[in-house]
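Breakdown of the fold
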Amino acid sequence: TPRCQTSPFPLSNTMKVKGGSLDVHPTEKALVVQYEVEATILGETGDEMLGDRKKCQKIIRLKSLNTNTDVAALARKVVEECKLIHPSKLSEVEQLLFYLQNRKKASGKEKRVVKPRDLTPFEGMEIDEEANINKVEEYVELLYEGMEEKVKGATLILHLARNPQSVELATTIIYVFFCFSSFSQFHGLVTHYKIGALCMNVMEHELKRYDLWQDELKEHEKAFKKYQGLLVKQEQLLRVALYLLLNLAEDTRTELKMRNKNIVHMLVKTLDRENEELLVLVVSFLKKLSIFLENKNDMAEVDTVERLSRLVPCEHEDLLNITLRLLLNLSFDTGLRIKMVQVGLLPKLTSLLGDENHKQMAMCILYHISVDDRFKSMFAYTDCIPQLMKMLFEHGEERIDAELISFCINLAANKKNAQLICEGNGLKMLMKRALKLKDPLLMKMIRNISQHDGPPKHLFIDYVGDLAAQITPDENEEYVIECLGTLANLTIADLDWELVLKEYNLVPYFKDRLKPGSAEDDLILEVVIMIGTVSMDDSCAAMLAKSGIIPAIIELLNAQQEDDEFVCQIVYVFYQMVFHQATREVIIKETQAPAYLIDLMHDKNAEIRKVCDNTLDIIAGYPPVTPVSLRGILLCNPSLSEGILLCNPSLSEGILLCNPSLSEGILLCNPSLSEGYPPV
C-alpha cells in the first residue's frame, strides 16, 4: 500500500491471526468468534525485537435469521465470508445457528442507551491522583489486579476520557486517525467522518489558547514553567494534526475545503513557534499550498514573508531548505518580492551563496528579485557580485549554469554593478572566456556592461577588434547578435569606425544582412543599430553612402513598416546621416527618405514621431533643399518654413505658397514677388 506521508512515530510490525472458539451472542441473533492476534515489532534489519499476543472477538450479526431460514445454507455462507472460521467448523456453525433460530426472545422492556457524556459523577469517581495520558498503560494494568485497583484504574481512564481539554488525549486520538490517513485507501473513510475539519477546529482552538497563554505570561512571569510544559504538549498535538491534514490534502478537493476554513492563516500563525520539527511540517504544508494562485494570494494577505525571514538562515538544514523552496514559489509574485527586500532578505540570501547546500535555491530567489530595476542597485551594497564572479571563473571551460549567468546578466544592467564587475581584471577575464567559448549568454552580460556611460565603456576600446572579428556569416547568430549589440553600444568619440569597418570588411556583411529574410529579425535589427552607431563618424557615413547601403535600408523599411522597433532604428540611421553633408545630399537628392519621414510624422508611436521631427529639423536647417522635397515637408510641417527661409531665400516662392502667414518676411527678402500679392 503506498504511503502518503512519513509517520512522525515510525513503526514496523507484522501480525498473525489464529482462529479460536465459536459461541452464540447472549442477547442478539449473532455468533461470537474468539480469535488471537500475535503482533511482532521488527527492527531496521527485520529482526524480531518485541512480540505480544492479544485475544479478540468478532460478532457476526444475523439479521435475516428467522424460523423459515435454511440453516445449512446460511452456515455455508457464514464460513465462506468469515475468514476467521475454518471450513472444518461448518457443522458447529450449523448447530449454533439452529440454536439461535429456536431460542426464545428475552422478556422485559428495552433499556435506554446512555451516552458517556450523559453520565453524571457518582460516588467512587473522586480520586486524589491526577490522570495523565502518559500513564494510561499503568491504568490498564490496574484492571488486572484486585477490585480496589480495578476501580482506581477504571476511574483514572474515565477522567481522561471525560476531560475535553486534555491535549494528550486529543493528540492520541488524532494520532490514531493519522495512522489511517497514511494509507490512501482510508482517505475516503477519514474524510467521510470529517476528521480533517475536526482537526482544523482543534488547531484553531489551540492557537487561540496559545495567544491567551502569551497574554498571561506578560502578567504572571511565574507561570512560565507551566507554560513551557503546556507548549510542548500543544505542539505535539499540532504536529500530529498537521501531518494528518497534509496527508488528506493529497486530494485537491479536500485541500480546497481546508483553504475555505482558513488553513493558510493558521499555518502562517504557527510560524512563530520555535519547535523546528513542527516548523518543517508547517513550511512544507505552506509550500505545497503555494503552487495554487488562490493560496499564494492568501499568503500575500498575511505577513508570511515577514515570519519566514527569521528562518533564513537557520542551523536546521531541512528547515532552511524547505523555507527557501517556499520563498522561491512566492518570489514569482511582484508584491511578495518587494516584501522580501523590505524585510531584509537580500543580504541574508546573498550570504547563502557561499553555502554549497543552499546556494542554488538562494540564487534562484535573488534572480527573481534582480528582475526588478528598482532593486538592482541594492546588490552593489552586498558581497553578491564578488561571489558571482568567483563562481563564473570556477566553471573553467564548462557551460555556465543558466541560473548563474541569467542572474549576472540582470545585475550587469545596472551601472554601479557594472563598475564592480569590471574592477581589477573583471572585464578582461569575461572577454577572454566569452571569446574563447563563444558563449552568447556571457556575451549578453558583456553587452549589458557596455551600455553604461563612463569608465566601463572606455575599457572596451581594447576589445573592439576582437568583437569585430566575430561578425562573420559562419558564426552562430545568437553569438553575433550579442557581439554586434556590444559594438553598437560603444558611442565613443575617439573611436575610428571607418578603420574598423575596412579592416574587418563589415560593410558587405551589413549589406547582405539588410536584405529582408536574409537572417533572423533580431540579427537584422542589430545590424541597423550598428549602422546608426558608426554613422556618427563623418567619413564612415560617407563610406556607407557610397556603398549603396541607404537604398537597402529604405527597402528594409518598406518590408518592416509594421514593426515599430525596426522603423524607429532606421529613422535614427537617417537622423545620424543627415548631420554629414555627403550623406545628407544623397538622402535628399537620390532617395525617397524625406517622403518616408513625412509619412512617419503621423505615426502612432511617439518615439518615431519625435525622431522624424528632429531629422526634418536638421534637413530644414541645411541648404540646399530641393523644391520637390521642400513642398512635401512644408505641406506636412508648416512650422519648418521660417527656418528653411533663413537658410534658403531662393525658395521663398515655394514657402509662400505653403505658408502665406510668412508673406511679410518673404516679400522683404524678395520684392520681385510682390506682384499678385496684397500690399504689405
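Residues numbered from 1 in each chain as written. Predicted model: local features only at pLDDT ≥ 70, side-chain atom pairs only at ≥ 80, totals over all residues. Heavy atoms only, no water.

1. Quick notes on the overall build of the protein chain
- Scanning the protein chain from N- to C-terminus turns up 39 helices and three strands.
- Put simply, the protein chain has 680 residues, and 45% of those count as buried.
- Contacts in the protein chain between residues at least 24 apart in sequence constitute 65% of all its contacts with a sequence separation of at least 6.
- A total of about 37700 Å² of accessible surface is found on the protein chain, and carbon and sulfur atoms cover 52% of it. (Helix = DSSP H or I, 4+ residues; strand = E, 2+ residues; numbered from the N terminus. Buried < 20%, exposed > 50% of the residue type's maximum accessible area, 1.4 Å probe, protein only. Contact = heavy atoms within 4.5 Å. Areas by Shrake-Rupley, 256 points an atom, 1.4 Å probe, with all protein chains shown as cover.)

2. Topic: the nonpolar core
- Counting residues in hydrophobic clusters, the biggest one holds 162 residues, and the most contacted among them are F285, M445, W497, F510 and I531.
- Broken down by element, the residue count for this core peaks at ten residues, all from helix α8 (residues 224–248).
- Beyond its immediate sequence surroundings of up to four residues, I531 is in contact with F510, L514, L544, I549, I553, V573 and M577.
- Within the second largest apolar cluster, 18 residues are counted, among which are L31, V78, C82 and L96. (Core = buried A, V, L, I, M, F, W, Y, C linked by side-chain atoms within 4.5 Å.)

3. A closer look at helix α32 (residues 564–577)
- Here α32 spans 20 Å end to end across 14 residues, near enough to the 20 Å set by a 1.5 Å rise per residue.
- Among the residues making up α32, those that are buried are F566, V567, C568, Q569, I570, V571, V573, F574, Q576 and M577.
- Buried-residue contacts for α32 involve α29 (521–534), α30 (538–546), α31 (549–559), α33 (581–590), α34 (593–600) and α35 (606–621).
- One side-chain oxygen at the N-terminal end of α32 lies 3.0 Å from the backbone nitrogen of E565; it belongs to D563. (Expected span 1.5 Å × (residues − 1). Polar contact = N/O pair within 3.5 Å; in protein donor to acceptor, adjacent residues only side chain to side chain.)

4. With respect to the environment of L506
- Positionally, L506 belongs in helix α28 (residues 506–513).
- Through-space distance from the C-alpha of L506 to that of T472 is 8.4 Å; in sequence the pair is 34 residues apart.

5. A closer look at a negative patch on the surface
- On the surface, a cluster of negative charge is made up of E137, E138, E141, E145, E148 and E149.
- The greatest single-element share of the negative patch, amounting to three residues, is contributed by helix α3 (residues 136–142).
- Summarising the element assignment, E145 is placed in the loop between α3 and α4 (147–162).
- You can call E145 partly exposed: its relative accessible area is 45%. (Patch = residues over 30% accessible without salt bridge, like charges linked within 9 Å, V, L, I, M, F, W, Y side chains within 5 Å. Salt bridge = Lys/Arg side-chain N within 4 Å of Asp/Glu carboxyl O. Lys, Arg positive; Asp, Glu negative; His and termini not counted. Charge placed at Lys NZ, Arg CZ, Asp CG, Glu CD.)

In short, the description is geometric, and any link to function would need to be established separately.
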